[in-house]
Amino acid sequence: MKDFDARLFREHWHLACHRNELPVPGDYLRMQTPLGDLVVFNDSGELLAFDNLCPHRGARMFDGEAGNGPATCRYHGWTYDKGRVIVPMAEEFAGCDTSRARLNTYRLDWCGDFLFVGIAPRMALYEQLGEAAALLENIGFNIANRLDLNAGSFRCYWPVAVENALEPYHISMVHPETLGMLELEAGSNEYLGRNSVWYAPLGNARVDKQLRSLKRHFAIDYGYEGYMSVYLFPFTMISSTFGYSYSLQHFLPAQDGQNTHFSSRLLGTHLANERAAQLLAPLFTSTAAINRKVFEEDHQVCQLVPKSSWSTAPLVFPAASEAKIEHFRQSCRDWLAARPGP
Ligand code: FES
Ligand SMILES: [Fe+2]
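Residues numbered from 1 in each chain as written. Chains lettered and ligands numbered in written order. Predicted model: local features only at pLDDT ≥ 70, side-chain atom pairs only at ≥ 80, totals over all residues. Heavy atoms only, no water.

The subject of this paragraph is the overall build of the protein. A count of helical and extended segments in the protein gives eight helices and 17 strands. Taking 2.2 N^0.38 as the reference for a compact globule, 342 residues should give roughly 20 Å; the C-alpha atoms of the protein span a radius of gyration of 21 Å, in line with that estimate. Dimensions of the protein, computed from the C-alpha atoms along their principal axes, are close to 70 × 55 × 35 Å. Split into buried and exposed, the 342 residues of the protein put 51% on the buried side. Long-range pairs, those at least 24 residues apart, make up 62% of the contacts in the protein between residues at least 6 apart in sequence. For the protein, the accessible area works out to roughly 15800 Å², and carbon and sulfur atoms hold 53% of it. Seen as two clouds, the 31 positive and the 38 negative side-chain charges of the protein have centres 2 Å apart. (Helix = DSSP H or I, 4+ residues; strand = E, 2+ residues; numbered from the N terminus. Rg over C-alpha atoms; globule rule 2.2 N^0.38 Å. Buried < 20%, exposed > 50% of the residue type's maximum accessible area, 1.4 Å probe, protein only. Contact = heavy atoms within 4.5 Å. Areas by Shrake-Rupley, 256 points an atom, 1.4 Å probe, with all protein chains shown as cover. Lys, Arg positive; Asp, Glu negative; His and termini not counted. Charge placed at Lys NZ, Arg CZ, Asp CG, Glu CD.)

To continue, consider the domain arrangement of the protein. By domain assignment, the protein separates into domain 1 (1–129) and domain 2 (131–342). Computed over C-alpha atoms, the centres of domain 1 and domain 2 are 26 Å apart. Each partner contributes residues to the interface: domain 1 has 34 residues there, and domain 2 has 44 residues. In this assembly, domain 1 and domain 2 are joined by two salt bridges. The salt bridge partner of E21 is R146, with a shortest N-O separation of 2.8 Å. Run the count over domain 1 and domain 2 and you get 13 residue pairs in polar contact (both at pLDDT 80 or more). Listed by contribution, the elements that provide at least two residues to the side of domain 1 that touches domain 2 are α1 (4–10), β1 (13–18), β2 (27–33), β10 (114–118) and α2 (125–129). Looking at side-chain class alone, the side of domain 1 that touches domain 2 contains 17 nonpolar, nine polar and eight charged residues. (Domains from an automatic or database assignment. Salt bridge = Lys/Arg side-chain N within 4 Å of Asp/Glu carboxyl O. Polar contact = N/O pair within 3.5 Å; in protein donor to acceptor, adjacent residues only side chain to side chain. Nonpolar A, V, L, I, M, F, W, Y, C, P; charged D, E, K, R; others polar.)

All right, on to the sheet that holds strand β4 (residues 46–50) then. The antiparallel open sheet is built from four strands, whose spatial order is β4-β3-β2-β5. At either end of the open sheet lies a strand with only one pairing partner, and these are β4 and β5 (66–68). Sheet twist, expressed as the average angle between the axes of neighbouring strands with direction ignored, equals 20 degrees. Direction of pairing for strand β3 (residues 36–43) relative to β4: antiparallel, over a ladder of five bridges. Of the residues in β4, the one forming a bridge with D43 is E46. (Pairing = 2+ DSSP bridges. Axes fitted to C-alpha atoms, helices over the stretch in contact; angles between N-to-C directions.)

With that out of the way, let us pick up the coordination of the iron ion (ligand 2). The protein atoms that coordinate the iron ion (ligand 2) are H170 (NE2), H175 (NE2), D298 (OD) and D298 (OD), at distances of 2.0 to 2.7 Å. With four donor atoms in place around the iron ion (ligand 2) and angles of 52 to 147 degrees between them, the coordination shape is irregular. Of note, the iron ion (ligand 2) draws all its donor residues from one chain, in the sequence arrangement H-x4-H-x122-D. Highlighted residues: H175 in the loop between α5 (171–174) and β12 (188–192) and D298 in helix α7 (residues 274–302), separated in sequence by 123 residues. Residue class for D298 comes out buried when judged on its relative accessible area of 7%. (Donors = N, O, S within 2.8 Å, 3.2 Å for Na, K, Ca; no water. Tetrahedral: all angles 85-135°; square planar, octahedral: opposite > 155°, others 65-115°.)

As a further point, take the state of the cysteines. Applying the stated criterion to the full structure yields zero disulfides. With no disulfide partner, C332 has as its closest neighbouring cysteine sulfur the one in C156, 14 Å distant. Exposure remark for C332: the relative accessible area of 0% places this residue in the buried category. (Disulfide = S-S within 2.5 Å.)

One open sheet holds the three strands; their spatial order is β6-β7-β8, and the pairing between them is antiparallel. Strands at the two margins of the open sheet, each flanked by one partner only, are β6 (71–72) and β8 (84–86). Bridging between strand β7 (residues 79–81) and β8 involves three bridges; their strand directions are antiparallel. In the strand pairing of β8, D81 is matched with R84.

Our next topic: the packing of helix α4 (residues 158–166) against helix α8 (residues 323–337). For the pair α4 and α8, the least separation of the axes is 8 Å and the interaxial angle reads 145 degrees. As α4 runs across α8, the sense of the crossing is right-handed. Between α4 and α8, the contacting residues are W158, P159, V162, E163 and L166 on the first element and K324, I325, F328 and R329 on the second. A breakdown of the residues in the contact of α4 with α8 according to their chemical character gives six nonpolar, no polar and three charged. (Left-handed = near helix turned anticlockwise from the far one by under 90°.)

By size, the foremost hydrophobic cluster in this structure holds 38 residues, and its most contacted members are F4, V40, W158 and F328. Contacts of W158, omitting those with residues within four sequence positions, involve F4, D5, L8, P234, F235, F251, L252, P253, T260 and F328. Core analysis: the next-biggest nonpolar cluster, separate from the first, contains 24 residues, C111, L136, M228 and I238 among them. (Core = buried A, V, L, I, M, F, W, Y, C linked by side-chain atoms within 4.5 Å.)

This is how it looks when you write it as structure tokens:
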């Protein structure tokens, strides 16, 4: 199990971003992974993913979570632009061939408008996603922009955070004034290979009616009319209420083998018109604030669970609402059993 986290990362495709999160040349997004940083960068319209390390002496090129700027190393000024590395004072390097300098880039593939990054994935992207691919395509075509980005550390081992996100059993206890307000019904689970989806109608009739009345302000052609939570094995979740916005979450193992690099992004969808944008701005502001509160509430309980409380073994006392945890653990066991090599 020692290299479980790193191998899961190396051997899967990971949803890095939506096309509309990095629309402008110079846009970048940084994720922290069990193998170090991963940066997606818009290089004059072409997206690339790399390890965030300068080819000169390995300084980190970007240190914000997201933003816009040239891919220029702040140490000696090496710059990556339009597919090439530009070296200042090139005459200093008479004894070596700096034209061989490259970024350490990763493989990319698209599922609709979602960009996936892979280091050494075991399968092709669509094979890994299975039937979840069609769902992701539908979601992706409706996303317009990123409205919020919230990144930080969860003081728990990553499967603890993933399992928390996979079960609604804790909602009334942990989120009574946030997610609990929706009074989500038991709903149903759908298993798509190692990925899974929970569809839950809203039990709160007043909120349900309010949300339905907003539909005319959106220019979307997909959206589950209730609460939907998609899990992409191993580290990613996407949740949404009515498909009006999507919360994209990553629970990435930290390099220390103990903690979790958590991030959540609020992705906005296409709106009907300018007036809708003005009208809905307060809704999105409050959605971003509520999401931040929900994840803080989750963090508070996740840090109560030590790493030693987690294993891939079936739960001793599984609730019906914890079925997706059983599926996740089965997926971990299957993945471990199928691993190639020694
Ligand atoms: S380490 Fe980046 S330019 Fe020297
Ligand atoms: Fe939660």
